[in-house]
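# Residue-level structure breakdown
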Amino acid sequence: MQIWVNGGLRDADAAQVSVLDHGMTVGDGIFETVKAEKGTTFALTRHLARMTRSARGLGLPDPDLDEVRRACAAVLDANPVALGRLRITYTGGLSPLGSDRGDAGPTLVVALGESARRPDTTAVITVPWTRNERSAVAGLKTTSYAENVVALARAHGQGATEALFGNTVGALCEGTGSNVFVVVDGQLHTPPLASGCLAGITRELVVEWTGAQETELPLDVLGRAEEVFLTSTLRDVQAVHRVDGRELTGTPGPATVKAMRVFDERAASDLDP
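These remarks concern the structure in this document. (Residues numbered from 1 in each chain as written. Predicted model: local features only at pLDDT ≥ 70, side-chain atom pairs only at ≥ 80, totals over all residues. Heavy atoms only, no water.)

### What about the pattern of salt bridges?
Note the following rule: Think of a salt bridge as a Lys or Arg side-chain nitrogen and an Asp or Glu carboxyl oxygen that are within 4 Å of each other. Secondary structure counts use DSSP, requiring at least four H or I residues in a row for a helix and at least two E residues in a row for a strand, with both numbered from the N terminus. To sort residues, take the accessible area from a 1.4 Å probe on protein chains only and compare it with the maximum for the residue type: under 20% means buried, over 50% means exposed, and anything in between is partly exposed.
What the rule picks out here adds up to 13 salt bridges. In this structure, aspartate 236 and lysine 35 form a salt bridge, with 2.9 Å as the shortest nitrogen-oxygen distance. A residue pair is termed long-range when its members are at least 10 positions apart, and aspartate 236 in strand β14 (residues 236-243) and lysine 35 in strand β3 (residues 29-37) qualify at 201 residues. For lysine 35, a relative accessible area of 9% translates into the label buried. For glutamate 174, the salt bridge is made with arginine 131, and the minimal N-O distance between the two is 2.7 Å. With a gap of 43 residues between them, glutamate 174 in strand β9 (residues 172-175) and arginine 131 in strand β7 (residues 121-131) connect regions that are remote in the sequence. When sorted by exposure, glutamate 174 lands in the same class as arginine 131, which is buried. Here the residues in one salt-bridge network are Arg46, Glu204 and Glu208, joined through shared partners.

### Quick notes on the side chain of lysine 35
Threshold: Counting of polar contacts relies on pairs of N or O atoms within 3.5 Å, with two restrictions inside protein: one atom must be capable of donating a hydrogen and the other of accepting it, and residues adjacent in sequence are counted only when both atoms are side-chain atoms. Contacts between residues were defined by any pair of non-hydrogen atoms, one from each residue, lying within 4.5 Å.
In terms of polar contacts, lysine 35 uses its side chain to reach the side chain of aspartate 236, at 2.9 Å. The residues contacting lysine 35, other than those within four sequence positions of it, are Thr40, Thr41, Phe42, Leu83, Gly84, Thr233, Leu234 and Asp236.

### As for helix α2 (residues 44-58)
In an α-helix, one full turn covers 3.6 residues, which means residues spaced three or four apart are oriented alike. Heads up, the condition is: Under the convention used throughout, the expected extent of a helix is 1.5 Å for every residue step, that is, one less than its residue count.
The terminal C-alpha atoms of α2, which comprises 15 residues, lie 21 Å apart, in line with the 21 Å expected from a rise of 1.5 Å per residue. Taken as a whole, α2 has its buried residues at Leu44, Arg46, His47, Leu48, Arg50, Met51, Thr52, Ser54 and Ala55. Packed against the buried residues of α2 are β3, β4 (40-41), α3 (65-78), β5 (83-91), β6 (107-114) and α5 (201-210). Trailing α2 by a residue or two, glycine 59 shows a phi angle of about 80 degrees, which is positive.

### Some words on the packing of α5 against helix α6 (residues 254-269)
Selection rule: Axes here refer to lines fitted to C-alpha atoms; in helices the fit is confined to the stretch in contact. Angles between the N-to-C directions go from 0 to 180 degrees. In what follows, roughly perpendicular refers to angles from 65 to 115 degrees, roughly parallel to angles under 35, roughly antiparallel to angles over 145, and oblique to any angle outside these ranges. Residue type decides the class: Asp, Glu, Lys and Arg count as charged, Ala, Val, Leu, Ile, Met, Phe, Trp, Tyr, Cys and Pro as nonpolar, and the leftover types, Gly among them, as polar.
One way to put it is that α5 packs onto α6 with a least axis distance of 10 Å and a crossing angle of 105 degrees. Regarding the angle of α5 to α6, the classification is roughly perpendicular. Here Thr202, Leu205, Val206, Trp209 and Thr210 of α5 lie close against α6, whose contacting residues are Ala259, Val262, Phe263, Arg266 and Ala267. A per-class count over the contact of α5 with α6 returns seven nonpolar, two polar and one charged.

### Remarks on the packing of α2 against α3
Which entries qualify depends on this criterion: Should the near helix be turned anticlockwise from the far one by less than a right angle, the crossing is left-handed, and should it be turned clockwise, the crossing is right-handed.
The contact between α2 and α3 brings their axes to 11 Å, and the two run at 130 degrees. By the criterion of interaxial angle, the relationship of α2 to α3 is oblique. The chirality of how α2 crosses α3 is right-handed. On α3, the residues that touch Leu44, Thr45, Leu48, Met51 and Thr52 of α2 are Leu65, Val68 and Arg69. For the contact of α2 with α3, a count of residues per class yields five nonpolar, two polar and one charged.

### Here's the deal with α5
A large share of α5 lies buried, amounting to seven of its ten residues. When we look at burial in α5, the residues that qualify are Ile201, Thr202, Arg203, Leu205, Val206, Val207 and Trp209. Just beyond α5, the residue with positive phi is glycine 211, at close to 75 degrees.

### With respect to the sheet that holds β3
How we decide: Following DSSP output, two strands are said to pair if at least two bridges run between them.
Strand order across the open sheet formed by six strands is β2-β1-β6-β5-β3-β4, with antiparallel pairing between neighbours. Across the chains shown, the open sheet's two edge strands, defined by having one partner strand only, are β2 (8-11) and β4. Note that strand β1 (residues 2-5) and β6 share two bridges and pair antiparallel. Residue pairing in the sheet places valine 5 in a bridge with valine 109 of β6. Along the sheet face, α2 touches β3, β4, β5 and β6 and points at about 175 degrees away from the line of β3. Each of β1, β2, β3, β4, β5 and β6 touches α3; the most contacted strand, β6, lies at about 30 degrees to it.

### A few points about the packing of aromatic side chains
How we decide: Classification of ring pairs uses Phe, Tyr and Trp, with its six-membered ring standing for Trp, and accepts pairs whose centres are within 6.5 Å; under 30 degrees between planes counts as stacked, over 60 as edge-to-face, and the remaining range as tilted.
In this structure the tally under the stated criterion is four aromatic pairs. Ring plane angle 80 degrees and centroid distance 5.2 Å describe the contact between phenylalanine 31 and tyrosine 145, whose orientation is recorded as edge-to-face. Taken together, the residues span a long stretch of sequence, with phenylalanine 31 in strand β3 and tyrosine 145 in the loop between β7 and α4 (146-157) at a distance of 114 residues. On the basis of an interplanar angle of 70 degrees and a centroid distance of 6.0 Å, the ring pair of phenylalanine 42 and phenylalanine 263 is categorised as edge-to-face.

### Examining the state of the cysteines
Here is the rule we go by: Cysteine sulfur atoms are paired as a disulfide whenever they come within 2.5 Å of each other.
Tallied over the entire structure, the rule returns zero disulfides. Among the cysteines around cysteine 173, which has no disulfide bond, cysteine 197 carries the closest sulfur, lying 5.4 Å off.

Shape descriptors only; they carry no functional weight alone.
Following this line, the structure appears as structure tokens:
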């Protein structure tokens, strides 16, 4: 595997970042995960725009998007895969120990991992921990993912592939790496960005392409929703057949099927919508 590190490709065993990098010591960094099929990225422009918003939210310098595009192209060319997870990581760079950021400049790493197509349906759980919608990093895609690691491990231990969070006021928020949509009384809803959820790229496109409503919803809506589905870069649109102990339909419901179809058709017609 060839990985881009600070200006050039390196073999995986030689792709090194300092142990004093601020992304390593205090999680001072951001990242994007981009779907790549046969060397072609999907929605890269939207991902890079969000990357810039996240960088500004953390107070990092704006990333050089031309360099990021060159890095992505080089990594994809060097590592041909049918379906892959292209990971762009951008950190505060070499810094003193502690929260103060150094002046050495940011670190940019781009790597690619092979992926498989997700199943059409999955199981999820809810967790007792909350998203803080008033956090300084709410809505930013940072590398500080420890709470997601803990929640996802709990989900796996209960035979699920995702854990869903409420926020501090008990409203439905998001998953560890996905956004959530529900159908209530035949209408498609998803939590608003004010809930503290990440502005997911797939979420954004599904809202635009299906007319889903952004609605503040209580966490217990999951106990009565007619349909539930997840969206993310590698899930696209994925139906949920079980929430905690509640079994939903074993196959995607009509609203979910429509969202799947619309997303697949629109995404196939425009790789950078």
